[in-house]
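# Descriptive analysis of the structure
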Amino acid sequence: MTPAPGDRGDRDSPDDGTMAHARGSFFGRRKGHKLRPHQADLIDTLLPHLAVDISAPAPEALTALFDDGIENVRLEIGFGGGEHLIAEALAFPTTGFIGCEPYVNGMAKILTQIEALNIGNIRLFAGDAAELLAWAPPRSLARIDLIHPDPWPKRRHWKRRFVQDATVTAMMRLLPPGGEFRFVSDIDDYCAWTLAHLMRSPDFAWLAERAIDWQQPWPNYTMTRYGAKAEREGRKAAYLRFRRL
Ligand SMILES: C[S@@+](CC[C@H](N)C(=O)[O-])C[C@H]1O[C@@H](n2cnc3c(N)ncnc32)[C@H](O)[C@@H]1O
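All values reported here derive from a predicted model rather than from experimental measurement.

A few words now on the pairing of strand S1 (residues 72-77). Two faces make up the sheet, and in a regular strand the side chains alternate between them. The buried fraction of S1 amounts to 5 of the 6 residues, a majority that puts the element mostly inside the structure. Bridge count for S1 against strand S2 (residues 95-100) is 6 bridges, and the pairing is parallel. Looking at S2, one finds that valine 73 is bridged to glycine 96. The parallel pair S1 and S2, bridged by helix H4 (residues 83-91), forms a crossover whose chirality is right-handed. Two elements, S1 and strand S4 (residues 143-147), share 4 bridges in a ladder whose sense is parallel. Bridging from a neighbouring strand, arginine 74 pairs with arginine 143 of S4.

One open sheet holds the 7 strands; their spatial order is S3-S2-S1-S4-S5-S7-S6, and the pairing between them is mixed. In the strand order of this sheet, the two ends are held by strand S3 (122-125) and strand S6 (204-206), each with one partner. Strand-to-strand twist of the sheet, defined as the mean angle between neighbouring strand axes without regard to direction, takes the value 20°. Across 3 bridges, S6 lies against strand S7 (residues 238-244) in antiparallel orientation.

What counts, and at which threshold
Residues numbered from 1 in each chain as written. Predicted model: local features only at pLDDT ≥ 70, side-chain atom pairs only at ≥ 80, totals over all residues. Heavy atoms only, no water. Buried < 20%, exposed > 50% of the residue type's maximum accessible area, 1.4 Å probe, protein only. Helix = DSSP H or I, 4+ residues; strand = E, 2+ residues; numbered from the N terminus. Pairing = 2+ DSSP bridges. Right-handed = clockwise from strand over helix to strand, strands pointing away. Axes fitted to C-alpha atoms, helices over the stretch in contact; angles between N-to-C directions.

Below is the structure:
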């Protein structure tokens, strides 16, 4: 997994497990624990069935990536160990979920869960979510979640943060009016950064202005590994929700 808060995302190694170095080339090349034989098997056998192929033209609607009965599609960027994504997929069986995660151990972990729980409404993209955002058709996502993204605390690395004007524009294209971008982080500076980027877009409204408490997880929120670690270490997360206007 990526480095701990404070030094997460601030190393210069080309294989440090974080976004900027990941762009374009990373899956399977990132350092991590050695996969167990069954996990390696799932990467070879199950992942190809669930993988979103962005080298093919995107379907008109992303529901086409799923079996019949899927009514809308949501995206989780950087799902890590998959705790939140698995819980959401189980809770909303008529919603399709696309999970993006370049980290091979995260991918192996979620494949194990998908197999064990026989989950049919998750598709996976083992690469940079920005590429998937560029590929997906307009207004194709009901919601986009970015939970505890790599914070890139050093000023000279801010350009590597996932939230940028370009990704805000991409999300604006993909969310229909009423769609939501949800962001969780225990890093105050990244929360402020995200608020500043979203609030200067005329296409998003921050729901705190509509009486949604940003200091509390939303109902039925499933804590992730990084969220639990932040809590243990006494850092409180912000839960920011932005509605596409
Ligand atoms: C700090 S971890 C948080 C993981 C998980 N969301 C959690 O809360 O435990 C950030 C995750 O985002 C992934 N990530 C970083 N850049 C990404 C990108 N451009 N596209 C998709 N995932 C990315 C990393 O591999 C890492 O697993």
